[in-house]
Structures are given as C-alpha cells and as structure tokens.
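As a plain string of letters, each chain reads:
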Amino acid sequence: MKVFPTSISDVLIIEPTVYTDNRGFFFESFNHHAFEKAIGKKINFTQDNHSYSKKGVLRGLHYQLAPMEQGKLVRVVDGEVFDVAVDIRKNSPTFGKWVGEILSKENKKQLWIPEGFAHGYLVLSDNAEFLYKTTNYWSREHEKSIRFDDPTIGIQWPNLHKLTLQISDKDLAGSSLLEA
C-alpha cells in the first residue's frame, strides 16, 4: 500500500497495491499492522458500516462529541463519491480547513480521517456503496452535524450545480462550524 499526505497532515490518502490479471484483481483492503505503521499510532476499529446512496445524495458533515469521537477509514466499493474531512479540533492550526478526495470503485483509494474531524460525502455516480471502519461506536447522544454549505468552511463540492441534491432533514438542520 502507498500512503499520501494531504494538506491536513493527519488526514491520509491510502492506495492499495492491486494485483490484476486476466481473471480480475486482488488487493488487501486492510492490514492492521501496515495501517498502524502508516498512521504512526495504535488503532482499534470497533465497527464497520456500509451505506448505499443514489446520485446527488450528500451525507454529513458528521462528527461525534467526546468521549465518543470516531476516526474513520473510508472507501467506495461501487460508484464514485467526493469525500470530505473538516478539521474541527479547536486548537489545531488547520481548524476549519477541509480536504476533499474522489473515492471510487475504479481508483480504490481510501481516506483516513482521524478523531476530531467532521466527515461527509457527495455521490457523483448513479449510485455508490460506501464502506467505513470506525474507532468508536455510533452514539445518537453524541452525534452532531455541521452544514455542508457553511461559508466559514467553504467546501468546493464538485458538480453541485448540476446535481439534484438529496440531503436529510437532520443534516439540513446542522450547525455552523463556529457553533460546533
């Protein structure tokens, strides 16, 4: 696997080594030892999640409050999404900054989003299946949302004007970054 830094040092792009031949392909989607070495710390994933969404679905920006913060290792197994991580760590030099990456069935990239970040994605293909591992359990009492269009963050979502957006009422009622 190859690991690439982003403009926010703690968020990483992970590209697996893919072995292809006339039968198809094989790759190791997760190796605990290699992953810990890549991110430089011990990690314990507690939950795997699988989401199916249609074109124009925008989910997020989600995060959880202490003590239930979640790190996420995300990937797409069918379709294509624009995946976003926003630094919400109040004392961070990159507070309020965001990183976005296209994740798709074709590129097989993964994004590591550590605790202290809000996360969201926009489905660009007709549909997408999205898988992610989390470092803590989901907790309704600790779950929060920041609006996808918060001008303080200024995320440049691709093709936004060309899509019919589908956003949950919960996400539309999200707070601003400064209220989070």
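Here we summarise the structure given alongside this text.

What counts and how
- Residues numbered from 1 in each chain as written.
- Predicted model: local features only at pLDDT ≥ 70, side-chain atom pairs only at ≥ 80, totals over all residues.
- Heavy atoms only, no water.
- Salt bridge = Lys/Arg side-chain N within 4 Å of Asp/Glu carboxyl O.
- Buried < 20%, exposed > 50% of the residue type's maximum accessible area, 1.4 Å probe, protein only.
- Pairing = 2+ DSSP bridges.
- Helix = DSSP H or I, 4+ residues; strand = E, 2+ residues; numbered from the N terminus.
- Axes fitted to C-alpha atoms, helices over the stretch in contact; angles between N-to-C directions.
- Contact = heavy atoms within 4.5 Å.
- 1 Å grid on protein atoms, 1.4 Å probe; cavity = no way out; pocket = protein on both sides within 12 Å on 5 of 7 lines; lining within 4 Å.
- Points joined across faces, edges and corners; volume = space filled by probe spheres on them.
- Nonpolar A, V, L, I, M, F, W, Y, C, P; charged D, E, K, R; others polar.

### Here's the deal with the pattern of salt bridges
Note that side chains of opposite charge can pair when their charged atoms are close. Counting across every chain of the model gives 9 salt bridges. A salt bridge links D149 to R147; its shortest N-O distance comes to 2.8 Å. For D149, a relative accessible area of 39% corresponds to the partly exposed category. Under the relative-accessibility criterion, R147 is labelled partly exposed at 24%. One continuous salt-bridge network, built from bridges that share partners, spans D10, D87 and R89.

### Topic: the pairing of strand β2 (residues 12–15)
Strand direction decides the pairing type here: strand β1 (residues 2–5) and β2, joined by 4 bridges, are antiparallel. By the bridge assignment for β2, V3 is matched with I14. With 3 bridges connecting them, β2 and strand β10 (residues 110–113) associate as antiparallel partners. Across the sheet, L12 pairs through a bridge with W112, a residue of β10.

### Examining the sheet that holds β2
As summarised here, the arrangement of the 6 strands in space is β1-β2-β10-β7-β12-β5, forming an open sheet in which the pairing is antiparallel. Where the open sheet ends on each side, the last strands, each with one partner, are β1 and β5 (47–54). For this sheet, the mean inter-axis angle between neighbouring strands, taken without regard to orientation, is 25°. Bridge count between strand β7 (residues 72–78) and β10: 4 bridges; the pairing is antiparallel. Bridge pairing in β10 links R75 to Q110. Docked against the sheet, helix α1 (residues 32–39) engages β1, β2, β7 and β10, running at close to 145° with respect to β2.

### What to know about the layout of surface pockets
One number sums up the size of the largest pocket: a volume of about 630 Å³. Considering the residues around the largest pocket, the lining is formed by 35 residues, among which H62, Y63, K72, H119 and E143 are closest to the centre. Contributing elements (two or more residues each) for the lining of the largest pocket: β5, β6 (58–64), β11 (117–123), β12 (127–134) and α2 (169–172). Considering every element that reaches the lining of the largest pocket, the biggest residue donor is β6, with 5 residues. Its residues assigned to classes, the lining of the largest pocket comprises 15 nonpolar, 13 polar and 7 charged. Computed from the structure, the second largest pocket encloses a volume of approximately 170 Å³. As for the second largest pocket, its lining consists of 15 residues, of which M1, P16, E28, S29 and N31 are closest to the centre. Where the lining of the second largest pocket is concerned, the elements lending two or more residues are β2 and α1. Of the residues in the lining of the second largest pocket, the class split is 9 nonpolar, 4 polar and 2 charged.

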